Amino acid sequence: MKCLVPIPSETATELKQQQETGLGYQVVSVHLKDGRSFDQVVVSEGCIIIVRGYTEVPFRPDEVAAVKVNNKRWNFRDWSDRGQYRPKSKVAVA
């Protein structure tokens, strides 16, 4: 199972009041205390689920300075655990 990274509780409360990107999730930008930022991060139920371009979340919860909803669409469900897009399955014809 993937490791979910919790976001600060005050940030999670603010996100609950904002529009969802899709059913049960939001795409947000995450800004870290060291100046790095990540523009396409999927958050659900107060946890970071996946960061675009990474197989694991590349930061710890204590490094997060700010989280803001940006709703930049990304079909993250087609992203594999190996950091690659999953090939579309082909229907076998008998």
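Calculation rules
- Residues numbered from 1 in each chain as written.
- Predicted model: local features only at pLDDT ≥ 70, side-chain atom pairs only at ≥ 80, totals over all residues.
- Heavy atoms only, no water.
- Pairing = 2+ DSSP bridges.
- Helix = DSSP H or I, 4+ residues; strand = E, 2+ residues; numbered from the N terminus.
- Contact = heavy atoms within 4.5 Å.
- Axes fitted to C-alpha atoms, helices over the stretch in contact; angles between N-to-C directions.
- Phe/Tyr/Trp six-rings, centres within 6.5 Å; stacked < 30°, edge-to-face > 60°.
- Buried < 20%, exposed > 50% of the residue type's maximum accessible area, 1.4 Å probe, protein only.
- Arc of directions from axis to C-beta.
- Core = buried A, V, L, I, M, F, W, Y, C linked by side-chain atoms within 4.5 Å.
- Salt bridge = Lys/Arg side-chain N within 4 Å of Asp/Glu carboxyl O.

> When you look at the sheet that holds strand 3 (residues 37-44) in this model, what are you seeing that I'm missing?
The strands making up a sheet are joined through hydrogen bonds of the backbone, oriented either antiparallel or parallel. Read from one edge to the other, the open sheet built from five strands follows the order 1-4-3-2-5, with strand pairing classed as antiparallel. Strand pairing shows two members of the sheet lacking a second neighbour, strand 1 (5-6) and strand 5 (64-69), which therefore form its edges. Direction of pairing for strand 3 relative to strand 4 (residues 47-51): antiparallel, over a ladder of four bridges. Each bridged residue has a counterpart across the sheet, and for S44 the counterpart in strand 4 is C47. Sheet strands in contact with helix 1 (residues 9-16) are strand 2 (26-32), strand 3 and strand 5, and its direction is about 5 degrees off that of strand 5.

> Looking at this model, I keep getting lost on the packing of aromatic side chains. Mind explaining?
Summed over all chains, the structure comprises two aromatic pairs. Taking 5.6 Å as the distance between ring centres and 75 degrees as the angle between the ring planes, the aromatic pair formed by F38 and Y54 counts as edge-to-face. On the criterion of sequence distance, the pair formed by F38 in strand 3 and Y54 in the loop between strand 4 and strand 5 is long-range, its members being 16 residues apart. Accessibility expressed as a relative area gives 35% for Y54, which makes it partly exposed. Taken together, F38, Y54 and F59 form an aromatic cluster joined through their ring pairs.

> Teacher, can you tell me more about helix 1 here?
Helical periodicity: at 3.6 residues per turn, an α-helix aligns residues three or four positions apart in one direction. Along helix 1, the positions that sit buried rather than exposed are T11, A12 and L15. For helix 1, the angular spread of buried residues about the axis comes to 100 degrees, placing them on one side. For helix 1, the exposed residues lying more than 90 degrees away from the buried face are S9, E10 and K16. Turning to helix 1, the residues buried within the fold contact strand 2, strand 3 and strand 5.

> Would you take a moment to explain the nonpolar core for this structure?
In a soluble, globular protein the nonpolar side chains are often hidden away together inside. Among the nonpolar cores identified, the biggest contains 16 residues, and V28, V30, V41, V43, I48, V51 and F59 are the most heavily contacted of them. When neighbours within four sequence positions are excluded, V51 is seen to be in contact with F38, Q40, V41, V57, P58, F59 and W74. Formed by six residues, the second largest nonpolar core is a distinct cluster that contains V27, I50, W74 and F76.

> Honestly, unusual backbone geometry in this entry has me stumped. Any pointers?
Backbone phi values are negative for most residues with the exception of glycine, while trans is the configuration of most peptide bonds. Unusually for a residue other than glycine, E45 sits at a positive phi of about 50 degrees. Backbone geometry places N71, a non-glycine residue, at a positive phi of 50 degrees. Looking at where N71 falls in the secondary structure, it is placed in the segment after strand 5.

> Would you take a moment to explain the pattern of salt bridges for this structure?
Pairing is possible between side chains of opposite charge, provided their charged atoms come close. Inspection of every chain in the model, using the stated rule, returns four salt bridges. When the shortest N-O distance is used, the salt bridge between R36 and E63 registers 3.7 Å. Of this pair, R36 sits in the loop between strand 2 and strand 3 while E63 sits in the loop between strand 4 and strand 5, and the two are 27 residues apart along the sequence. In this structure R36 comes out as partly exposed when scored by relative accessible area, which is 34%. E63 sits in the buried class, given a relative accessible area of 19%. As a salt-bridge pair, D62 and R60 come within 3.2 Å of each other at their nearest N and O atoms.

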